[in-house]
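Structural overview
The residues making up each chain are set out below.
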Amino acid sequence: MKKDLISVIIPVYGDKSLVKMLYDRLINIFSKMTVEYEIIEVCDACPYGSADEIRKLAKKDKHIKFIELNRNYGQHIAIKAGLDCAKGDYAIVMDCDLQDNPEDIERLYNKIKKSEAEVIFGARCERKVFFLKKLYSKVANFFIYSLSDFYVPDMLDTGNFSIFSKKVLETLQESKDPFFVFRYIILGSGFKIDFIEVKQGMRAAGESGYNFRKGFNLFKNSLVSNSNKPLMFAGFCSFIMFVFCLLFIVKLLIDYFIFHQRFLGWTSIMVSIFFIASMLFGYLGVLGVYIGQIFKMSQGRKIYIVRKKMNL
C-alpha cells in the first residue's frame, strides 16, 4: 500500500542552533510513523547563519529541501514559497523556534485521517508569551475576525501550526496574493476546519522576529486584504457627520429666526472645522491604504525571488 507523503513547511528566521534541534526532533517523530516525508525549510534571508546549517543537513539528508529567498519577505511569504514546492498528500506548516512541538505532528496526522475536516489547526491551550503580546494578538484577531467576510468556527487561540489536505495545498499554491497571510487565506476559502489542543513550548533560542512595526503591518495587510468594511465604515462615519452638520444648521436657523438668538464667537466654528478635517483626513487615510494595496497588486511583480535551492 502506498504511504502518504507529508510535506513539512518551515519558515526559518532565527538562531542557527535551532535548525539542528528541530531536525533531530522531526526525524525522531517520522521514524515512528509509517509515512514518507519531506522537510521544506525556507530561509527568509536570515542574518544569523541558519542558511549554512540547513545546507549542511540538506547535503546529508535528501529529505531536507532547502530554499533561500533573495531578501527578507516576512514569515507568510516564506510559507508561500515552501507551499509552492510541496508535493505531499498532506502538508504541515510550523514555526522553526520549537514553540510548535514536533511531537504533535503525529496527533495532527491521525486527526485529519479520521476526520472529515480538510484543515486541522493546533489550538494553543497554553501560550508562553508576554501578557502584552498575547493581549495585542487577541485584539488584532478580534478586529480581523469581526470585520472580515469569512466564517471563524471558534475564537480559539491558533497560530500557523496546522495540517491540511492536498486539495487545500493546491488552492494555496494557486494564490497570487502579494499580501498572502496563510491562516486567513485558509479561513477565507471556506474549507472544513477542526482543532486539536496543543501546548506551546518555550522558544528554544533567540528572540521573536516580530517587533511592533512588523506586527502592525501584518495586522494591516490581513485586515485590508480580507475586507472592505473599514472603507465602508469610513463612508458611514462621513454620512453621520453630514447628518449631524445638517441638523446643526437647522438648529441655528431656528434659533436665529424664531428665538432671535445670536451666538457670537469662534469656539463652535473652530471645533467643527477640526472635527470635520480630522474625519476627512481619516477617511482619506483609509482610502489611501486600499489604493496602496491596489497599486502593489497592479505592478504584477513576483511575490518572492529564490536565491538558491537544494534537493528540489
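Everything that follows concerns the structure shown earlier in this document.
Quick look at the structure, then. (Residues numbered from 1 in each chain as written. Predicted model: local features only at pLDDT ≥ 70, side-chain atom pairs only at ≥ 80, totals over all residues. Heavy atoms only, no water.)

Helix and strand counts for the protein stand at 10 helices and 8 strands. On the protein, roughly 17800 Å² of surface is accessible, and the fraction owed to carbon and sulfur atoms is 62%. (Helix = DSSP H or I, 4+ residues; strand = E, 2+ residues; numbered from the N terminus. Areas by Shrake-Rupley, 256 points an atom, 1.4 Å probe, with all protein chains shown as cover.)

Turning our attention to the packing of aromatic side chains. Evaluated as defined, the whole model comprises 4 aromatic pairs. Ring centres of Phe30 and Tyr37 lie 4.5 Å apart, and the angle between their planes is 5°; this geometry places the pair in the stacked category. Stacked on the ring of Tyr73, the Lys or Arg Arg71 has its end atom at 4.1 Å from the ring centre. (Phe/Tyr/Trp six-rings, centres within 6.5 Å; stacked < 30°, edge-to-face > 60°. Lys NZ or Arg CZ within 6 Å of the ring centre and 35° of its normal.)

Below, the discussion takes up helix H9 (residues 229-257). Here H9 is 29 residues long and its end C-alpha atoms lie 42 Å apart, about the 42 Å a rise of 1.5 Å per residue gives. Taken together, the buried positions of H9 are Pro230, Ala234, Cys237, Met241 and Asp255. (Expected span 1.5 Å × (residues − 1). Buried < 20%, exposed > 50% of the residue type's maximum accessible area, 1.4 Å probe, protein only.)

All right, on to the environment of Leu83 then. Mapped onto the secondary structure, Leu83 falls in helix H3 (residues 75-85). With 86 residues separating them in the primary sequence, Leu83 and Leu169 have C-alpha atoms 7.0 Å apart. Look past the residues within four positions of Leu83 in its chain and what remains in contact with it is Ile9, Val93, Phe164, Leu169, Leu172, Gln173, Phe180 and Phe182. (Contact = heavy atoms within 4.5 Å.)

We now examine the nonpolar core. Of all hydrophobic cores here, the largest spans 39 residues; its most connected members are Ile10, Phe30 and Ile105. It is helix H1 (residues 17-30) that contributes the most residues to this core, 7 residues altogether. Those residues in contact with Ile105, other than ones at most four positions away along the chain, are Leu26, Ile29, Phe30, Met33, Ile92, Met94 and Phe161. One finds Leu83, Ala86, Val93 and Val119 within the second-largest nonpolar core, a separate group that totals 34 residues. (Core = buried A, V, L, I, M, F, W, Y, C linked by side-chain atoms within 4.5 Å.)

Our focus in this paragraph is the side chain of Glu68. In this fold, Glu68 is placed in strand S3 (residues 64-69). Within the structure, the side chain of Glu68 is placed 3.1 Å from the side chain of Arg55, a separation counted as a polar contact. With sequence-adjacent residues up to four places away left out, Glu68 is seen in contact with Cys43, Ala51, Arg55, Val306, Arg307 and Lys308. (Polar contact = N/O pair within 3.5 Å; in protein donor to acceptor, adjacent residues only side chain to side chain.)

This part takes up the pattern of salt bridges. Two side chains carrying opposite charge are able to pair once their charged atoms lie near each other. What the rule picks out here adds up to 11 salt bridges. Between Lys2 and Asp89 there is a salt bridge, with the nearest N and O atoms lying 3.3 Å from each other. Here Lys2, found in the segment before strand S1 (5-12), pairs with Asp89, found in the loop between H3 and strand S4 (90-93); they are 87 residues apart in sequence, far enough to count as distant. Its salt-bridge partner being Asp84, residue Lys80 comes within 3.0 Å of it at the nearest N-O pair. Here Lys80 pairs with Asp84, and both are found in helix H3, just 4 residues apart, close to one helical turn. Given a relative accessible area of 28%, Asp84 falls into the partly exposed group. Members of the salt-bridge network, linked through shared partners, are Asp52, Arg55 and Glu68. (Salt bridge = Lys/Arg side-chain N within 4 Å of Asp/Glu carboxyl O.)

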